[in-house]
Amino acid sequence: MISRRKFVKHSMQAAAGSSLLLSALQSCKQPAAYPATLVGPNARLGHMLRSGKFEEPSEGSNADVLIIGGGIAGLSAARYLKKYTDNFILLELGDETGGNAIAGSNAITAYPWGAHYLPLPGNNDPELIAFLREANVITGYANSLPVYNEYHLCFDPKERLYINNFWQEGITPREGVPEKDRHEIERFLALMHDYKDQRGSDGREAFAIPVALSSQDKKYIALDAISMEQFLAQNGFTSPYLRWYVNYCCADDFGSSLTDTSAWAGIHYFASRKGKAANASSDTVLTWPEGNYWLVKQLRKDLEKYIKTNTLVYAVDATNSGVTVLYFDAAANKTKKITAQAAVLATPQYVNQRLLNPNLKRTLDYSAFQYAPWMVANITLDASLDERKGEKLCWDNVIYGSDSLGYVNATHQQIGFHNSHTVITYYKPLPGRDVKKLREQAYRSTIEDWKNIALQDLRKPHRQIENHIKQFDAWVWGHGMIKPVPGFITGETRAQTSMAIQDKIYFAHSDMSGISIFEEAFYQGHIAIRKILERNLLKV
Ligand SMILES: Cc1cc2nc3c(=O)[nH]c(=O)nc-3n(C[C@H](O)[C@H](O)[C@H](O)COP(=O)(O)OP(=O)(O)OC[C@H]3O[C@@H](n4cnc5c(N)ncnc54)[C@H](O)[C@@H]3O)c2cc1C
């Protein structure tokens, strides 16, 4: 096996070689025209759901369980269910499964279109650990700690921040930051560290992932009523550097900002991740060139025969004997019907409200579910980005003061021969309270608009970037991530929406957690199946 040190050495050599090349290129190249495209999910099928016009189904079939939606939650449900029955179907609207964790590729590398990393998980979800062992991400144990496969741990150098015209190591602002602000940042991080070790009066961890296992102690739950901004103010944190950093962290996990993230959710970012490894520091992440799509491929490996893609579910109802589900099979251009003993809706709530028969009397305020829109751009370059002072190109590259997340280098995890070409994945959440307006604006924006937004930001550290772009592709996620706005996670709507209907229709999506991350989606998926098993709905 190649050691981590060798990986690192190799990356450094490649980076050094490409920066020399870049200096040479800068002196002679002029910006050239390059192809730019706007890509995105299957808009035609999505539109059909909104129009609601479908013919009577012409064919029928049945199954023990039907899973709707093939994102992480749906795939996790399917993986777990397969242990108990062979008679189930997963219907997915897209050309393939993966949901927000899908990826693309070109001649240089695979790259993510959405989710790109998984922090080292703690021990709260044994099923997640079991899956990581199946996928050989965890290869064994040493001194009771998991040993992670070196190929999947983020190689060094991990992250850098462009601040005061310098690339510093790590993303907590430090370079050129006044003493008083540094102290405030340290005080904040110490407070978050304290939260990590705290337990509530119920004996549970104060902040845990999955969040369902976090303490319900009122002392902590009360933090859901205030925003992260209020939390900072109440604790005397005023440093603009700290505020930017915490805002960045809210955007990273939730696509939201200081003002519209609940403090309870925001503190989870810092205090809930307690994973440890025998062969890596606990702040290491698991990542792949194609991001979490690698995990998608592992999840669906043995599930292909149960999955039907390009199928739009448009109606779900409960009957005396189970459920009926109607769907449009785009390949056959036909509507079809499935009857099952139970259905799992691994679809977001803005979709569910259109699927469920109104007779099911589920009068919920779906407007409580707010989704942050995102734009993700994959930018192909003919040289590696290294031209400014400080830390070399990292896996994660963040720009201080920006409201983007910066970019991830998709070739960072490549092993073997590196050429100077690369693809960077630029992440831009669209924060703000009026998500509907933001979404409409995002859908109206052209590829030129997105190029301008991304390049204006990227030119700050990389003045010459346009000389090196070979291709610019962007993807707009209208409903990218559920926003944990104050009051949402502890609110009635989320609790009621999670409850099964007539013990037949179950819900599993990261929405149900109020936090859109891999661990939550995975948890929601297998928990929904466990509930079905507990109700003895399957003859196993
Ligand atoms: C830009 C971006 C970056 C992210 N980065 C990270 C990250 O780095 N790490 C991380 O952990 N998380 C990240 N996330 C969060 C990510 O959303 C979750 O990790 C996870 O992938 C969510 O899975 P899910 O199954 O809950 O939902 P989804 O991915 O939303 O899956 C729902 C599925 O249902 C399907 N569907 C919808 N309607 C229908 C219908 N009517 N019929 C049939 N199928 C239907 C959809 O096509 C989709 O496949 C990111 C999200 C975005 C948008």
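Calculation criteria
Position labels on residues start from 1 in each chain and follow its written sequence. Residues qualify for local features only when their pLDDT is at least 70, as the model is predicted, and side-chain atom pairs are given and counted only at 80 or more; totals for whole chains, interfaces and linings, by contrast, use all residues. Derived side-chain values reflect all non-hydrogen atoms in the structure, with water molecules and hydrogen atoms excluded from consideration. Secondary structure elements follow DSSP: runs of H or I no shorter than four residues count as helices, runs of E no shorter than two count as strands, and numbering proceeds from the N terminus. Three exposure classes are used, based on accessible area relative to the maximum for each residue type with a 1.4 Å probe and protein chains only: buried under 20%, partly exposed in between, and exposed over 50%. Pairs of residues are marked as contacts when any of their non-hydrogen atoms sit within 4.5 Å. In these tables, accessible area is a Shrake-Rupley quantity obtained with a 1.4 Å probe, and a residue counts as shielded only by the protein chains included in the view. Note: two strands are recorded as paired if DSSP finds a minimum of 2 bridges between them. Put simply, a residue is near a molecule or strand once any heavy atom of it comes within 4 Å of that molecule or strand. Whenever two N or O atoms come within 3.5 Å, that pair is a polar contact, provided that in protein one can donate a hydrogen and the other can accept it, and provided that, for residues adjacent in sequence, both atoms are side-chain atoms. Gly falls in the polar group here, along with every residue not listed as nonpolar (Ala, Val, Leu, Ile, Met, Phe, Trp, Tyr, Cys, Pro) or charged (Asp, Glu, Lys, Arg). Boundaries between domains were set according to an automatic or database domain assignment. Defined here as a combined quantity, buried area equals the accessible surface (1.4 Å probe) lost by two parts on assembly, summed across both. The term nonpolar core refers to a set of buried residues drawn from Ala, Val, Leu, Ile, Met, Phe, Trp, Tyr and Cys, joined through side-chain atoms within 4.5 Å. Salt bridges are identified by distance alone: a Lys or Arg side-chain nitrogen within 4 Å of an Asp or Glu carboxyl oxygen. Note on geometry: axes are C-alpha line fits, over the in-contact stretch for helices, and angles between N-to-C directions span 0 to 180 degrees. The quantity called pLDDT is the predictor's confidence in a given residue, expressed from 0 to 100.

**As for the overall build of the protein**
- What the protein contains, in helices and strands, is 15 helices and 21 strands.
- Overall, the protein is about 70 × 55 × 50 Å in size when its C-alpha atoms are taken along their principal axes.
- With 540 residues in all, the protein has 59% of them scored as buried.
- Put simply, 74% of the contacts in the protein that link residues at least 6 apart link residues at least 24 apart.
- Surface accessibility of the protein: about 22500 Å² in total, with carbon and sulfur atoms responsible for 49%.

**Re the pairing of strand β13 (residues 311–318)**
- The buried fraction of β13 amounts to 6 of the 8 residues, a majority that puts the element mostly inside the structure.
- Bridging between β13 and strand β14 (residues 323–329) involves 7 bridges; their strand directions are antiparallel. What sits directly across from Thr311, in β14, is Asp329.
- The turn linking β13 back onto β14 is made up of 4 residues.

**Observations concerning the site of the ligand**
- Around the ligand, a shell composed of 34 residues is seen, among which Glu92, Asn100, His509, Ser510 and Phe518 lie nearest.
- Asn100 places a main-chain nitrogen or oxygen 2.8 Å from an oxygen atom of the ligand.
- Coverage of the ligand by the protein amounts to 94% of the 990 Å² it exposes when considered alone.
- A class-by-class count of the residues in the shell around the ligand yields 19 nonpolar, 14 polar and 1 charged.
- Both of domain 1 (4–30 + 371–482) and domain 2 (43–100 + 292–369 + 485–534) provide at least three residues apiece to the shell around the ligand.

**Details of the domain arrangement of the protein**
- Examined at the domain level, the protein breaks down into domain 1 (4–30 + 371–482), domain 2 (43–100 + 292–369 + 485–534) and domain 3 (171–271).
- At the junction of the two partners, domain 1 supplies 6 residues and domain 2 supplies 12 residues.
- With both sides pooled, the region where domain 1 packs onto domain 2 buries about 760 Å², and carbon together with sulfur makes up 60% of that total.
- Among the residues of domain 1 in contact with domain 2, Tyr371, Trp477 and Ile482 are the three that bury the most area, contributing 72% of the side total.

**Examining unusual backbone geometry**
- A cis amide bond links Asp156 to the next residue, Pro157, at an omega of -5°.
- Within the secondary structure, Pro157 sits in the loop between β8 (145–148) and β9 (159–163).
- The residue Asn143 is not glycine, and still its phi comes out positive at about 50°.
- Considering the arrangement of structural elements, one finds Asn143 in the loop between β7 (138–142) and β8.
- Phi angles above zero are rare outside glycine, and Gln502 is one such case at about 50°.
- The residue Gln502 is located in the loop between α14 (492–498) and β21 (505–507) in this model.
- Judged by relative accessible area, which is 47%, Gln502 ranks as partly exposed.

**A word on the nonpolar core**
- One finds Phe188, Met228, Phe231 and Ile505 to be the most contacted residues of the largest nonpolar core, which totals 146 residues.
- In terms of residue count, helix α8 (residues 240–254) provides more of this core than any other element does, 10 residues in total.
- Filtering out sequence-adjacent residues up to four positions away, Met228 remains in contact with Phe188, Val246, Cys250, Leu258, Thr261, Ser262, Ala263, Gly266, Ile267 and Phe270.

**Observations concerning the pattern of salt bridges**
- Taken as a whole, this structure holds 22 salt bridges when the rule is applied.
- Where Glu127 meets Arg79, a salt bridge forms, and the shortest distance between an N and an O atom there is 2.9 Å. Remark: Arg79 occurs in helix α3 (residues 72–81) and Glu127 occurs in helix α4 (residues 126–134); sequence separation between them is 48 residues.
- For Arg79, a relative accessible area of 8% corresponds to the buried category.
- One salt bridge connects Lys483 with Asp260, and the closest N-O pair in it is separated by 2.7 Å.

**Things to note about the sheet that holds strand β10 (residues 166–169)**
- With mixed pairing, the 8 strands of this open sheet are ordered in space as β1-β20-β16-β19-β18-β17-β9-β10. Only two strands of the sheet have a single neighbouring strand rather than two, namely β1 (36–39) and β10. The average angle at which neighbouring strand axes cross in this sheet is 20°, direction not considered.
- Bridge count for β1 against strand β20 (residues 469–482) is 4 bridges, and the pairing is parallel. Residue Ala36 lies in a different strand from β20, and its bridge partner there is Phe472.
- Each of β16 (371–381) and β20 touches helix α12 (residues 435–444); the most contacted strand, β20, lies at about 155° to it.

**Some details on the confidence of the model for the protein**
- Per-residue pLDDT for the protein has a mean of 91; in total, 92% of the residues score no lower than 70.
- A low-confidence stretch, residues 1–28 (pLDDT under 50), is modelled with 40 contacts involving residues beyond four sequence positions or located in other chains.

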